[in-house]
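Working through the structure, step by step
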Amino acid sequence: MNQVVFLEPALAIQLALAIPALGTVLIALTGRWPNLRDTLMVATAVAMFTMVLQVLPEVLAGGRPGVTLFELFPGLRIAFEVEPLGMLFGLIASGLWIITSLYAIGYMRGAGEANHTRFHACFAVALFAAVGIAFAQNMFTLFIFYEILTISTYPLVAHKQNVAAKMGARTYIGLLLGTSIGFQLVAIIATWWMTGSLDFTDGGIMEGHVGYGMGALLLVLYMYGIGKAALMPFHRWLPSAMVAPTPVSALLHAVAVVKAGVFTVLKVATYLFGLDYLSNLWTTEVIMYIAAFSLLAASTVALQKDNLKARLAYSTVSQLSYITLGAMLVSQLATIGGGMHIAMHAFGKITLFFCAGAIYVASKKTNISEMDGIGRRMPFTMGAFLLGALCVIGAPPMGGLWSKWHLVVGAADAGQVLMIFVFMISTLLNIAYLLTPVVRAFMLPPTDGYKGGIKEAPLLCVVPLSITALGCVALFFIADPLRNMLAGIFAG
Amino acid sequence: MEWLGLYNYWVVVVLMMVGFYIVIAQGNLVKKIVGLNIFQTSVFIFFISLAKLDGGTAPVYVEGITEYSNPLPHVLILTAIVVGVALTAMGLALVVRVHELYGSIEEDEIHEQDGKH
Amino acid sequence: MDLLIQHLPALQVVLPMLAAPIVMLMARAPRLAWAATTLTTWLTLGVSILLVQQVLLHGSISYHMGGWVPPVGIEYFVDPANIVVLLIISLMGAISMPFALRSVEQEVDKAKHGLFYAAFLLANCGLLGITITGDAFNIFVFFEISALASYALIAMGKDRRAVMSSYQYLVMGTVGTTFLLIGIGFMYIMTGTLNLIDLAQRLPEVNDTGTIRAAFAFLVVGISLKLALFPLHLWLPNAYTYAPSMITVFLSATATKVAIYVLLRIIFSVFGYEFSFSELNLGYVLMPLAMLGILIPSIVAIFQTNIKRMLAYSSVAQVGYMILGVSFASTLGLMASVVHLFNHAVTKAALFMALACIIYRVGGVSLDRMAGIAKQMPWTMAAFVLAGLSLIGIPLTVGFVTKWHLLLAALEGGLWPVAVFLLGTSLLATIYIWKVVEAAYLKEPAEGAQPVREAPMSLLLPTWALTVACLYFGIDTSLPVDLANRAAETLMGGYL
């Protein structure tokens, strides 16, 4: 590890933000030369990941490197500080971007989409925002990047510029901006007003400043204000976002955007409220039950969706609630489990989306009912789909096992027996809706006059999805270091 | 009787209301300007009369005279009248332009030509 | 140099006033007229900056016009409160002149340039005069000078509706200033003085009379007409929409701001906080009006298809924000209002300039004519987007500085619902700005639309200067916040 580290963490943090910003400009300027542009995009992704990696050793060693850019008013800063949770999110987002950028080149060219330059430029801005969220030192900084992420992904969702895309994008931005300004910003300002601080602090900043009654209200405002966590009934934006090209659904609506949501939930719960304080609020349990409901309801809806991407979207809504629920269990184990689930679900779901995209590029099929026997034509893709599905379900030998394990043990730890059942039922539902496409693809005979032989999507699509599928397996074996790093959340 | 004694203020109030009413109710642009003038003039009269003292004269030192009217409001109104004249000129100039452009100085006809706005 | 420093307050007003007739004589040489006007505005700006320096170094300046000692003579008075406004006016005058060259050449008949610039200087002079003078009647006179000049300027717009909207503005404006005159008359009856400081000292003795209350009412209503407080704003949207672009830029940045300043002076300095808010409960009147004034024009703005008109309605809403800050009756709220004078001036001027760039190339700014314009005029639209973010109040722009302080002021007053309301209305601004962005970036140009080039440098540079200011002062907030803090404290303290 030490061989790849050559920069001061503080500098690396700034570069990790500066590189995608600069990349955006370069991508926008080189739009006339597609090959140069795409090369630059991959280079940006690699350089950014390298920079994020520079910070890792110090975080692993228990440090929290940081840097302050500027101070708006006394106490209100744009500042960054990397703690274990942020490190994890930063690594996942920037690491998966490399793979996604390769995939995106294959997909966008293969599917014949237009406006590549705008697409790739907005993508780079979104990653810039995601890393900003990951590294934010205070809620104010986080909020700014949160909004940049919302706005930069809008053109991506509306990419096709047809009526459906515009309607979807309108729901998308309306819900995300509405909740973040209507609830989250209110909560942030109230927090600032009552505590005089927005810094993420070990053990929270509320205790002693905010009464429990007020705290209970603030919690609800935060949880619904963080619309990206897709807690019902403000989850509609996520299925709406599925009108976007698949790389967007894969990286942004399975990883960067939605994980930014639950990441913020975890951050707010542990560093603004603090677990001890949280356990005293009556709404904590309410939110927990809402998350449990959201989890089961979304799974049930997913079961009925025939459109593969829509099914995956509702599956994501359900999986996000795992993490919100984990945060609301107010147990260290469950929080760590929530953090791990960010990683596990990211790999699992991005694989699934990559597969959905590959199927679309190769055969223009979007509905599960049309995919009978497609596994014979696309064995690699559907094989990867199986691995991804198992990871999301939480079956061994997939990384998903460990995060669910921690969540369940955390629930037991917190004495919420009912929640254990919720997790179990949901897992059954997961199996039902994620494995049926696999079964149909491999077991049923093809219906579309398929003659035999392998006809996969372009290599630039298949290779990335194979890598992430293998990642799901690898996570099973490296779960322990991950857990140890996340345990650092409570070391301070 | 005191109410009636201050009849100059009553005149002011009546004139003001008449002027204001014309400004609001008249659709003819020139008549609106006339209304505006009456409205302003009432205020001028108000200033002038408030400075006038019963039996007072112009503030020029003359033997045997002890009471003077306050000259300051009169001076102010001199300025205000100049402003008022400028305003009237400006307003009428605009009306002339409107007539050139629309061929009418009736508000409703002009709005009709311009659509809704 | 000493002599110059000593007479700075007079120079501030006299410079543009004397330059105006000279410029008028240059009717045959439009370029020369432009150059002379530009020079004058830059000199005026220089005077303002020197004045800021003097006030920061030595405190308030009292200047006796013609050497007559107040309250007999007319006093010019510069303190931390009005220095901000002086700076805004002269800055906007100076920055809109380089912009004017191409824009005015295209939009105004060449033969009228001399008159146009002369009127512009008079408007400038009037606004500066209103701000700097310490004499109530003088305020009236300067109001009329600036108003008369603005009527003429607005009427020079290309569209024939410009003349009609100028006429409407004239009628409403005159009613407003006449109300002001009545109010001044009432105050004079009761106190026998016109000097603002003198008034502030003598008013408390006669506070509880009907006459003074009537004076207060006339003044507030009259000024509210001038500052376009909802529902007295009807003149504004048309006037801003049809005026020549450069005039819209200048007036939107200065005219209503100056009226707001006068309102602040009257409420806080002359009548005093106690009388205005504790005795007459002005806050109860202003707050609902301000909130309605934010809400309704914002909604109306969403449905506009002419973007210039949309921004005009947005200006009415922004006036609402400023008045809302006043209605909190606290130093923090007042500070938010004063800082918004500056922030909104910069933001709205940048937005109108960006529109002027588009008008220069495309000829209009209706929503369908702007479809797909971002590809052809990327720099102009980028400026529009950034300034638009500032209008919404996104962090790292000046708009946020205002929103933040307004919110804190609302919370300080325990007005939770108002704080939530403020955030909700930002969403409305988001919607109307977004509509433009969507049209410009995500729509394809209409069939048969002529492709256009990016706006010329002389238009782009001032636009970007203001846009950068939107961002710079949103990050390094110390200068505007500091000036506004001093201004708010001065106003709260009254004249004594």
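As recorded in an unreviewed UniProt entry, chain C goes by the name Monovalent cation/H+ antiporter subunit D family protein, listed as coming from Natronospira elongata.

As recorded by an unreviewed UniProt entry, chain A carries the name Proton-conducting transporter membrane subunit and is attributed to Natronospira elongata.

1. A short note on the overall build of chain A
Within chain A, the secondary structure is distributed over 19 helices and two strands. For 492 residues, the compact-globule estimate of 2.2 N^0.38 gives 23 Å, and chain A sits close to it at 21 Å. Counting only C-alpha atoms and orienting by the principal axes, one finds that chain A spans roughly 70 × 55 × 45 Å. By the burial criterion, 64% of the 492 residues in chain A qualify as buried.

2. Things to note about the overall build of chain C
Looking only at helices and strands, chain C has 21 helices and two strands in total. Its C-alpha atoms give chain C a radius of gyration of 21 Å, near enough to 23 Å, the size a compact globule of 496 residues would have. The principal-axis extents of the C-alpha atoms in chain C amount to approximately 70 × 55 × 40 Å. Taking the intrachain contacts of chain C between residues at least 6 apart in sequence as the baseline, contacts between residues at least 24 apart amount to 79%.

3. Some words on the environment of A:Ile374
Residue and element names in this part refer to chain A. Inspection of the secondary structure assignment puts isoleucine 374 in helix H14 (residues 374-377). Residues isoleucine 374 and glutamine 416 lie 42 residues apart in sequence; the distance between their C-alpha atoms is 42 Å. What isoleucine 374 contacts, discounting residues up to four positions off in sequence, is Ile359, Ser363, Lys365, Met382 and Ala441.

4. Considering the packing of helix H13 (residues 332-363) of chain A against helix H19 (residues 479-487) of chain A
All names here are of chain A. Where H13 contacts H19, the axes come no closer than 10 Å and their chain directions differ by 130°. The orientation of H13 with respect to H19, classified from their angle, is oblique. The element H13 and its partner H19 pack so that their crossing is right-handed. Contacts between H13 and H19 involve Ile336, Gly339, Met340, Ala343 and Met344 from the former and Ala479, Leu482, Arg483, Leu486 and Ala487 from the latter.

5. Things to note about the interface of chain C and chain B
In this assembly, 31 residues from chain C lie in contact with 37 residues from chain B. Both faces combined, the contact of chain C with chain B buries some 3100 Å², and carbon together with sulfur accounts for 81% of it. Linking chain C with chain B are one salt bridge. The residue B:Asp114 makes a salt bridge to C:Arg160 at a minimum N-O spacing of 3.6 Å. On the surface where chain C and chain B come into contact, there are four residue pairs in polar contact (both at pLDDT 80 or more). Elements represented by at least two residues in the side of chain C that touches chain B include exactly helix H6 (136-155) and helix H7 (161-191) of chain C. Looking at which element gives the most residues to the side of chain C that touches chain B, the answer is H7(C), with 19 residues. Across the side of chain C that touches chain B, the residue classes tally to 22 nonpolar, five polar and four charged.

6. Some words on the interface of chain C and chain A
With 26 residues of chain C in contact, the opposing surface of chain A contributes 26 residues. Of the roughly 2500 Å² buried between chain C and chain A, counting both surfaces, carbon and sulfur atoms make up 80%. Among the residues of chain C in contact with chain A, C:Trp404, C:Leu423 and C:Leu442 are the three that bury the most area, contributing 26% of the side total. The shortest N-O distance in the salt bridge between A:Arg170 and C:Glu438 comes to 3.3 Å. Across the chain C-chain A interface, the total number found is three residue pairs in polar contact (both at pLDDT 80 or more). The set of elements that each furnish at least two residues to the side of chain C that touches chain A consists of helix H18 (398-412), helix H19 (416-442) and helix H20 (457-475) of chain C. Looking at which element gives the most residues to the side of chain C that touches chain A, the answer is H19(C), with nine residues.

7. Examining the UniProt feature "domain: NADH:quinone oxidoreductase/Mrp antiporter transmembrane" (unreviewed entry) in chain C
Here, the residues flagged by UniProt with the feature "domain: NADH:quinone oxidoreductase/Mrp antiporter transmembrane" (unreviewed entry) are residues 135-427 of chain C. Helix and strand shares over residues 135-427 of chain C are 82% and 0% respectively, and the end C-alpha atoms of the span are 42 Å apart.

8. A look at the packing of aromatic side chains
Residue and element names in this part refer to chain C. For the structure shown, the criterion picks out 41 aromatic pairs over all chains. Ring centres of phenylalanine 400 and tryptophan 404 lie 5.7 Å apart, and the angle between their planes is 35°; on these two criteria the pair is classed as tilted. Of this pair, phenylalanine 400 and tryptophan 404 both sit in helix H18, four residues apart, roughly one helical turn. The residues phenylalanine 400 and tryptophan 404 share a single accessibility class, namely buried.

9. Examining the pattern of salt bridges
All names here are of chain A. One pass over the structure, following the stated rule, counts 13 salt bridges over all chains. Measuring nitrogen to oxygen at the nearest pair gives 3.0 Å for the salt bridge that ties arginine 37 to aspartate 38. Accessibility assignment for this pair places arginine 37 and aspartate 38 in one class, buried. The partner of aspartate 199 in a salt bridge is arginine 77, and the shortest N-O contact between them spans 2.8 Å.

10. Section: the nonpolar core
Core analysis: the biggest nonpolar cluster contains 430 residues, and A:Phe273, C:Met92 and C:Phe271 have the highest contact counts within it. With 22 residues, helix H15 (residues 331-362) of chain C is the single largest residue contributor to this core. If you count residues domain by domain, this core takes at least three from each of domain 1 (1-274) and domain 2 (281-496) of chain C. Once residues within four sequence positions are removed from consideration, A:Phe273 is found in contact with A:Gly203, A:Gly204, A:Met206, A:Gly215, A:Leu218, A:Leu219, A:Tyr222, A:Val268, A:Leu278 and A:Leu281.

11. Regarding the domain arrangement of chain C
Residues and elements named next belong to chain C. For chain C, the assigned domains are domain 1 (1-274) and domain 2 (281-496). Here the C-alpha centre of domain 2 lies 22 Å away from the C-alpha centre of domain 1. Taken residue by residue, the interface counts 52 residues in domain 1 and 50 residues in domain 2. Between domain 1 and domain 2, roughly 4700 Å² of surface is buried when both sides are summed, and carbon and sulfur atoms account for 79% of that area.

12. A look at the arrangement of the chains
The interface with the most contacts, out of two pairs of chains in contact, is the one formed by chains B and C. The least C-alpha distance between chain A and chain B, which are not in contact, is 30 Å.

13. So, a nonpolar patch on the surface
A contiguous nonpolar patch, built from B:Tyr7, B:Trp10, B:Val11, B:Val13 and B:Met17 and spanning about 510 Å² of accessible area, is present on the exposed surface. Note on placement: B:Met17 falls in helix H2 (residues 7-25).

14. Quick word on the UniProt feature "domain: NADH:quinone oxidoreductase/Mrp antiporter transmembrane" (unreviewed entry) in chain A
Following the UniProt record, the feature "domain: NADH:quinone oxidoreductase/Mrp antiporter transmembrane" (unreviewed entry) maps to residues 136-429 of chain A here. The span residues 136-429 of chain A is 76% helical and 0% strand by assignment, and the distance between its end C-alpha atoms comes to 36 Å.

15. A few points about helix H15 (residues 379-393) of chain A
Residues and elements named next belong to chain A. In a regular helix each residue adds 1.5 Å, so 15 residues correspond to 21 Å; H15 covers 21 Å between its end C-alpha atoms and thus fits that length. Elements in contact with the buried residues of H15: helix H12 (308-328), H13, H14, helix H16 (400-413), helix H17 (417-443) and helix H18 (459-477). One or two steps after H15, the chain reaches glycine 394, where phi turns positive at roughly 100°.

16. Notes on unusual backbone geometry
In the segment running from A:Met232 into A:Pro233, the intervening peptide bond is cis, with an omega of 5°. Locating A:Pro233 in the fold gives a position in the loop between helix H7 (212-225) and helix H8 (237-240). Cis geometry is found at the peptide bond from C:Phe230 to C:Pro231, where omega equals 0°. Mapped onto the fold, C:Pro231 is located in the loop between helix H9 (210-226) and helix H10 (235-242). Of note in this structure, C:Ala228 is not a glycine but carries a positive phi near 60°. By the secondary structure assignment, C:Ala228 is in the loop between H9 and H10. Take C:Ala228: its relative accessible area is 0%, and that puts it in the buried class. Positioned with a positive phi, C:Leu396 is a non-glycine residue whose angle comes to about 75°. In this fold, C:Leu396 is placed in the loop between helix H17 (378-392) and H18.

The rules behind each value
- Residues numbered from 1 in each chain as written.
- Chains lettered and ligands numbered in written order.
- Predicted model: local features only at pLDDT ≥ 70, side-chain atom pairs only at ≥ 80, totals over all residues.
- Heavy atoms only, no water.
- Helix = DSSP H or I, 4+ residues; strand = E, 2+ residues; numbered from the N terminus.
- Rg over C-alpha atoms; globule rule 2.2 N^0.38 Å.
- Buried < 20%, exposed > 50% of the residue type's maximum accessible area, 1.4 Å probe, protein only.
- Contact = heavy atoms within 4.5 Å.
- Axes fitted to C-alpha atoms, helices over the stretch in contact; angles between N-to-C directions.
- Parallel < 35°, antiparallel > 145°, perpendicular 65-115°, else oblique.
- Left-handed = near helix turned anticlockwise from the far one by under 90°.
- Buried area = accessible area lost by both parts, 1.4 Å probe.
- Salt bridge = Lys/Arg side-chain N within 4 Å of Asp/Glu carboxyl O.
- Polar contact = N/O pair within 3.5 Å; in protein donor to acceptor, adjacent residues only side chain to side chain.
- Nonpolar A, V, L, I, M, F, W, Y, C, P; charged D, E, K, R; others polar.
- UniProt positions renumbered as here; feature names shortened; annotations may be inferred.
- Phe/Tyr/Trp six-rings, centres within 6.5 Å; stacked < 30°, edge-to-face > 60°.
- Core = buried A, V, L, I, M, F, W, Y, C linked by side-chain atoms within 4.5 Å.
- Domains from an automatic or database assignment.
- Patch = residues over 30% accessible without salt bridge, like charges linked within 9 Å, V, L, I, M, F, W, Y side chains within 5 Å.
- Areas by Shrake-Rupley, 256 points an atom, 1.4 Å probe, with all protein chains shown as cover.
- Expected span 1.5 Å × (residues − 1).

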